Amino acid sequence: MYRDFSELSMMSKSDWSNEELVRFHESFQQLLPYLTAEGGVIYKEILKEIEARSSTRH
């Protein structure tokens, strides 16, 4: 079961599960044209965390 965004927004992105990162990455990607500046910052944080995790696997 996924935690909802209101719970996750109070946590560091490093504490999110991989599944949660992917889920919200996909959601934000679809909403990108409609995001506020704050939403854009959150989306960039999600992308940075995904990149950080993928770079530690190599």
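Residues numbered from 1 in each chain as written. Predicted model: local features only at pLDDT ≥ 70, side-chain atom pairs only at ≥ 80, totals over all residues. Heavy atoms only, no water.

Brief notes about the environment of Asp 15
Within the fold, Asp 15 resides in the loop between helix H1 (5-8) and helix H2 (18-31). Separated by 34 residues in the primary sequence, Asp 15 and Glu 49 have C-alpha atoms spaced 9.9 Å apart. Not counting residues within four places of it along the chain, the set of residues in contact with Asp 15 comprises Arg 3 and Arg 53. (Helix = DSSP H or I, 4+ residues; strand = E, 2+ residues; numbered from the N terminus. Contact = heavy atoms within 4.5 Å.)

Thoughts on the packing of aromatic side chains
In total, this model carries 5 aromatic pairs according to the counting rule given. Their ring planes at 90 degrees and their centres at 6.2 Å tell us that Phe 5 and Trp 16 sit as a pair that is edge-to-face. A residue pair is termed long-range when its members are at least 10 positions apart, and Phe 5 in helix H1 and Trp 16 in the loop between H1 and H2 qualify at 11 residues. Exposure remark for Phe 5: the relative accessible area of 25% places this residue in the partly exposed category. What makes Trp 16 buried here is its relative accessible area of 2%. A network of ring pairs unites the aromatic residues Phe 5, Trp 16, Phe 24, Phe 28 and Tyr 43 as a single cluster. (Phe/Tyr/Trp six-rings, centres within 6.5 Å; stacked < 30°, edge-to-face > 60°. Buried < 20%, exposed > 50% of the residue type's maximum accessible area, 1.4 Å probe, protein only.)

Things to note about the side chain of Glu 49
Tracing the backbone through its elements, the reader meets Glu 49 in helix H3 (residues 37-56). Overall, Glu 49 belongs to the buried group, its relative accessible area being 16%. Those residues in contact with Glu 49 that lie beyond four places of it in its chain are Lys 13, Ser 14 and Leu 21.

Quick look at H3
Here H3 spans 29 Å end to end across 20 residues, near enough to the 28 Å set by a 1.5 Å rise per residue. Among the residues making up H3, those that are buried are Gly 39, Ile 42, Tyr 43, Ile 46, Glu 49 and Arg 53. Seen end-on, H3 carries its buried residues on one side only, within an arc spanning 120 degrees. Opposite the buried face of H3, at more than 90 degrees from it, the exposed residues are Ala 37, Lys 44, Lys 48, Glu 51 and Thr 56. In this structure, the buried residues of H3 make contact with H1 and H2. (Expected span 1.5 Å × (residues − 1). Arc of directions from axis to C-beta.)

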